Amino acid sequence: MSIILRMICYFVIVLLICYSLLRYYHLWSRNNLPNTAYFVLQIVFLICLVICQRKASLLPGGIFGSIFQGISAVYFSIMVFTPILCFIRGVIRIAGGRMKKHGKIYRFFNHPARSIYCFLVLTAMFGGFAFFQMRHLVTTEYQISLAKTSDDESMNIALISDVHLGSGVTENGLVKLIEKTNACNPDLILLCGDIIDNNTSAGLRSACAKHLKSFKAKYGVFYIEGNKEALINHYEKLFEESNVKFLEDQTIYLANGVQLIGLRDQSNKDKLPVEQVLLGMDSEKPIIVASHRPVDLDKLAGAGTDLVLCGHTIGGQYPLGNFYARLSNDMVYGQKKFDKMNAITTSGAGGYGVPVKFISKSEIALVHVTFTKPTD
């Protein structure tokens, strides 16, 4: 089902781009500009878009790579949103014609070029904003109270996922992410998958391993694989010396008595059933589960889990992304209750593919957990 939906999404995007290419070709022709220049320009932009979507590892580093990604973000926005605005324009023209309107608004939309110029400017500006949304990192805070005791009265957890180093976040962006996380003074840092992917060059992978050493947390830094990392052979070796501990269907007992469980991604053929991973848990002590995807949340709640921390959905990221994410996940973003269990899903510190976030934000999720005595 997921593959079919993905193919449908790609097909719709291709149709929108084809429509926009024809629409802007007519606009180009009205100005008596050479057709060859138009097609060469479009081919260059399309190649840039494809590279940023599928092969960002080929892009140069530093400012030049960011320029290419910025161009792809703006171009993607223009190509995808222009047809939508043109559809609205068509509705206004038809309705205005039937009602025999002759005002300024109708004349503006009825003009063969003026409104299209405006659409070009508006969609380009929106693409620039979406690119800024991807690169602008914020901290989102959550308050969780657990009716269980630990050796600490409270605990701060930094939840980071979906960095997608190389496409979503640059190396400089990773450094800033680490600095911003450390400034929150977390007791625990959870890297919930897709920190790297197929768009992460070998140089960036090595740099990632080096920079991860700079994370600071009282109870350590833990890494849970994402669906992209599950496709990379032996990626664990990249972080052997980075003070990051991997949890693959494993349980760690923190010094304060909290039980931390890290689940493999469901794309991993060696993944164990949730029920099996949770066997032997002490129900009297807090149980926190870290998982890349917000799935099996009802099972986790039924097994006595207190808190689940996830990523993967990127908060929707693209237009209609929320609809797509809901089809294969138990939640898309934010905080949600499953019986007595709290679940938090972050929109991630970056994003996959074209470097835009239209409907979500890049964030560090800082979870403040308070432990209280259970009431009878």
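Up top is the structure.
Residues numbered from 1 in each chain as written. Predicted model: local features only at pLDDT ≥ 70, side-chain atom pairs only at ≥ 80, totals over all residues. Heavy atoms only, no water.

Moving on, we come to the nonpolar core. With 28 residues, the main nonpolar core has Ile 160, Leu 191, Tyr 223 and Phe 239 as its most contacted residues. Every element with two or more residues in this core is listed here: β2 (154-160), α6 (171-183), β3 (188-191), α7 (202-212), β4 (221-223), β5 (244-246) and β12 (362-371). If one sorts the elements of this core by residue count, α7 sits on top with four residues. If we skip the residues at most four places from it in the chain, Phe 239 touches Ile 196, Cys 208, Ala 209, Leu 212, Tyr 223, Val 244 and Phe 246. In terms of nonpolar packing, the next biggest core, distinct from the first, is built from 25 residues, Tyr 142, Ile 157, Ala 290 and Val 367 among them. (Core = buried A, V, L, I, M, F, W, Y, C linked by side-chain atoms within 4.5 Å. Buried < 20%, exposed > 50% of the residue type's maximum accessible area, 1.4 Å probe, protein only. Helix = DSSP H or I, 4+ residues; strand = E, 2+ residues; numbered from the N terminus. Contact = heavy atoms within 4.5 Å.)

Our next topic: the packing of α6 against α7. Relative to each other, α6 and α7 sit at 15°, their axes nearing to 11 Å. In terms of orientation, α6 lies roughly parallel with respect to α7. In this structure, the crossing between α6 and α7 has a hand that is right-handed. Across the interface between the two elements, Glu 171, Leu 174, Val 175 and Ile 178 from α6 touch Leu 204, Ala 207, Cys 208, Lys 210, His 211 and Leu 212 from α7. (Axes fitted to C-alpha atoms, helices over the stretch in contact; angles between N-to-C directions. Parallel < 35°, antiparallel > 145°, perpendicular 65-115°, else oblique. Left-handed = near helix turned anticlockwise from the far one by under 90°.)

Another point: α7. Residues Leu 204, Ala 207, Cys 208, Ala 209, His 211 and Leu 212 constitute the buried set of α7. Here the buried face of α7 lies against α6, β3 and β5.

The next thing to look at is the sheet that holds strand β8 (residues 287-290). Taken together, six strands build an open sheet; the order of strands is β6-β7-β8-β9-β11-β10 and the sheet is mixed. Each edge of the sheet is formed by a strand with only one pairing partner; in this case those strands are β6 (250-253) and β10 (334-338). Averaged over all adjacent pairs, the angle separating strand axes in this sheet is 20°, with direction ignored. By the bridge criterion, four bridges tie β6 to strand β7 (residues 259-262) in an arrangement that is antiparallel. Directly across from Gln 250, in β7, lies its bridge partner Gly 262. (Pairing = 2+ DSSP bridges.)

Taken together, six strands build an open sheet; the order of strands is β1-β12-β2-β3-β4-β5 and the sheet is mixed. Here the strands that pair on one side only, and so sit at the sheet edges, are β1 (137-146) and β5. For this sheet, the mean inter-axis angle between neighbouring strands, taken without regard to orientation, is 25°. Each of β1, β2, β3 and β12 touches α6; the most contacted strand, β1, lies at about 35° to it.

The next point concerns unusual backbone geometry. The bulk of non-glycine residues show a negative phi, and the bulk of peptide bonds are trans. For Asn 243, which is not glycine, the phi dihedral falls at a positive 65°. By the secondary structure assignment, Asn 243 is in the loop between β4 and β5. Phi is positive for Gln 317, which is not a glycine, with a value near 65°. By the secondary structure assignment, Gln 317 is in the loop between β9 (307-310) and α10 (321-328).

What follows deals with the environment of Arg 23. On the secondary structure map, Arg 23 appears in helix α1 (residues 2-30). Its relative accessible area of 23% is what places Arg 23 among the partly exposed residues. Taking C-alpha positions, Arg 23 is 44 Å from Ile 178, a pair spaced 155 residues apart along the chain. Excluding its chain neighbours within four sequence positions, the residues that come into contact with Arg 23 are Thr 82, Cys 86, Arg 89 and Ile 116.

The subject of this paragraph is the environment of Val 163. On the secondary structure map, Val 163 appears in the loop between β2 and α6. Sequence separation between Val 163 and Pro 355 is 192 residues, and the spatial gap between their C-alpha atoms is 11 Å. With near-sequence residues (within four places) excluded, Val 163 lies in contact with Gly 168, Val 169, Leu 177, Asp 194, Ile 195, Ala 349, Gly 350 and Gly 351.

All right, on to the state of the cysteines then. Counted under the stated rule, the structure contains zero disulfides. Here Cys 52 is not cross-linked by a disulfide; its sulfur's nearest cysteine counterpart is in Cys 48, at 4.3 Å. Accessibility expressed as a relative area gives 0% for Cys 52, which makes it buried. Distance from the sulfur of Cys 184, which forms no disulfide, to the nearest cysteine sulfur (Cys 192) is 16 Å. Look at Cys 184 and you get buried, because its relative accessible area is 18%. (Disulfide = S-S within 2.5 Å.)

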